[in-house]
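Listed here are the chains, written in short residue letters.
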Amino acid sequence: MDILAEIVANKRKEVASSKELYPVKLLEQSIYFEGQPVSLRKYLQRPDKSGIIAEIKRRSPSKGNINKHVSVERTSIGYMQAGASGLSVLTDKKYFGGSSEDLKVARSFNFCPILRKDFMIDEYQVIEAKSLGADVILLIAAVLDKKEIEKMGSLAQSLGMEVLLEVHNEKELTNSVTDKVDLIGVNNRDLKTFATNVQISKDLAEKIPGDFIKVSESGLSKPETVLELKEYGFEGFLIGEIFMQTGRPEKAAKEFIRQLT
């Protein structure tokens, strides 16, 4: 079993458990549920922002612990002050060391688009994301078929949230594109080997329909790479590891964004 299949199998167990502990009716009572989500599309297109979606990521299956004791409050505020266009918060606990609490903390200190980064396999998680204060959800084409993407995407949009569809190759892109998503992310990381190659973004750029905001994810460690990808039509850049590997991720983000201008 590859790591992605293992994560998804574990996620199914987690979701089943969460449904029992926190029924939908309870999630709908959250203080965030009636709130108006903030548009990541609009923030990525703002000229005063960098296009960087700065990520809070404590660990990963390939690297182990990256920044186990990161302060979500300080880092999330610092990221936005540095000029990030939005935040990405990992909420998977077992493989990435994240939690729902991390997203709630980021939400309570920031008025900006926040992506809930997790492995979504059930409509329940979409409602859960809204209850945590997320503005955007991630749907992974390697995990879901088109019907599932349309179903979850439609639910998210009906709740005012936006949807980032993640693809890894042309086949996934062709088989998954639907008007139930708002942004298309090209993940430069092979989910089976975890190797990264930015060429994947370049190759898929012109194949992404113009209605969608293009986002490049993973392996973006240099400002020059971001500037190059902008020439291919990318407006969003999901970056986490290069910031999180430092003692002060927000300072690393500030310096990275400074070099973009």
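Residues numbered from 1 in each chain as written. Predicted model: local features only at pLDDT ≥ 70, side-chain atom pairs only at ≥ 80, totals over all residues. Heavy atoms only, no water.

S.K.: How would you summarise the pattern of salt bridges if you had to cite specific residues and measurements?
M.R.: For the structure shown, the criterion picks out 19 salt bridges. Linking D92 and K11 is a salt bridge whose minimum nitrogen-to-oxygen distance equals 2.7 Å. With D92 in the loop between β4 (86-90) and α5 (100-109) and K11 in helix α1 (residues 3-21), this pair connects stretches of sequence that are 81 residues apart. For D92, a relative accessible area of 0% puts it in the buried group. Judged by its relative accessible area of 2%, K11 falls in the buried class. In this structure, the salt-bridge partner of K11 is D118, at a minimum N-O distance of 2.8 Å. (Salt bridge = Lys/Arg side-chain N within 4 Å of Asp/Glu carboxyl O. Helix = DSSP H or I, 4+ residues; strand = E, 2+ residues; numbered from the N terminus. Buried < 20%, exposed > 50% of the residue type's maximum accessible area, 1.4 Å probe, protein only.)

S.K.: Can you tell me about the pairing of strand β9 (residues 213-217), naming the residues and giving the values?
M.R.: Of all 5 residues in β9, 5 are buried; the element is thus mostly enclosed. Every second residue of β9 is oriented toward a common face, with I213, V215 and E217 on one face and K214 and S216 on the other, all of them buried. As judged from the 5 bridges shared by strand β8 (residues 183-187) and β9, these two strands associate in the parallel manner. Of the residues in β9, the one forming a bridge with I184 is K214. Bridge count between β9 and strand β10 (residues 236-239): 3 bridges; the pairing is parallel. Within the sheet, the bridge partner assigned to V215 lies in β10 and is G236. A crossover links β9 with its parallel partner β10, the connecting element being helix α10 (residues 223-230), and its sense is right-handed. (Pairing = 2+ DSSP bridges. Right-handed = clockwise from strand over helix to strand, strands pointing away.)

S.K.: An account of the packing of α1 against helix α6 (residues 123-132) is requested, with residue identities and associated values reported.
M.R.: With their axes 10 Å apart at the nearest point, α1 and α6 run at an angle of 65 degrees to one another. Where α1 crosses over α6, the two elements pack in a sense that is left-handed. Here K11, V15, S18 and K19 of α1 lie close against α6, whose contacting residues are Y124, Q125 and E128. Here the contact of α1 with α6 is composed, by residue class, of 2 nonpolar, 2 polar and 3 charged. (Axes fitted to C-alpha atoms, helices over the stretch in contact; angles between N-to-C directions. Left-handed = near helix turned anticlockwise from the far one by under 90°. Contact = heavy atoms within 4.5 Å. Nonpolar A, V, L, I, M, F, W, Y, C, P; charged D, E, K, R; others polar.)

S.K.: Please provide a residue-by-residue account of the packing of α10 against helix α12 (residues 249-260), values included.
M.R.: The geometry of α10 relative to α12 is characterised by a closest axis approach of 9 Å and an angle of 45 degrees between their N-to-C directions. The angle between the axes of α10 and α12 places the two elements in the oblique class. As α10 runs across α12, the sense of the crossing is right-handed. Packed against α10, whose contacting residues are P223, V226 and L227, the element α12 presents F256, Q259 and L260 at the interface. Here the contact of α10 with α12 is built from residues that sort into 5 nonpolar, 1 polar and no charged. (Parallel < 35°, antiparallel > 145°, perpendicular 65-115°, else oblique.)

S.K.: How would you summarise unusual backbone geometry if you had to cite specific residues and measurements?
M.R.: Its identity is not glycine, yet S218 carries a phi of approximately 75 degrees, on the positive side. Relative to the helices and strands, S218 resides in the loop between β9 and α10.

S.K.: Break down α12 for me, with residues and values.
M.R.: Under the 1.5 Å per step criterion, the end-to-end length of α12 is 17 Å for 12 residues, consistent within 8% with the ideal 16 Å. Of all the residues in α12, the buried ones are P249, E250, A253, F256, I257 and L260. Along the axis of α12, the buried residues cluster in a sector spanning 120 degrees; they form a single face. Counted as exposed and oriented over 90 degrees from the buried face of α12: K251, K254 and R258. (Expected span 1.5 Å × (residues − 1). Arc of directions from axis to C-beta.)

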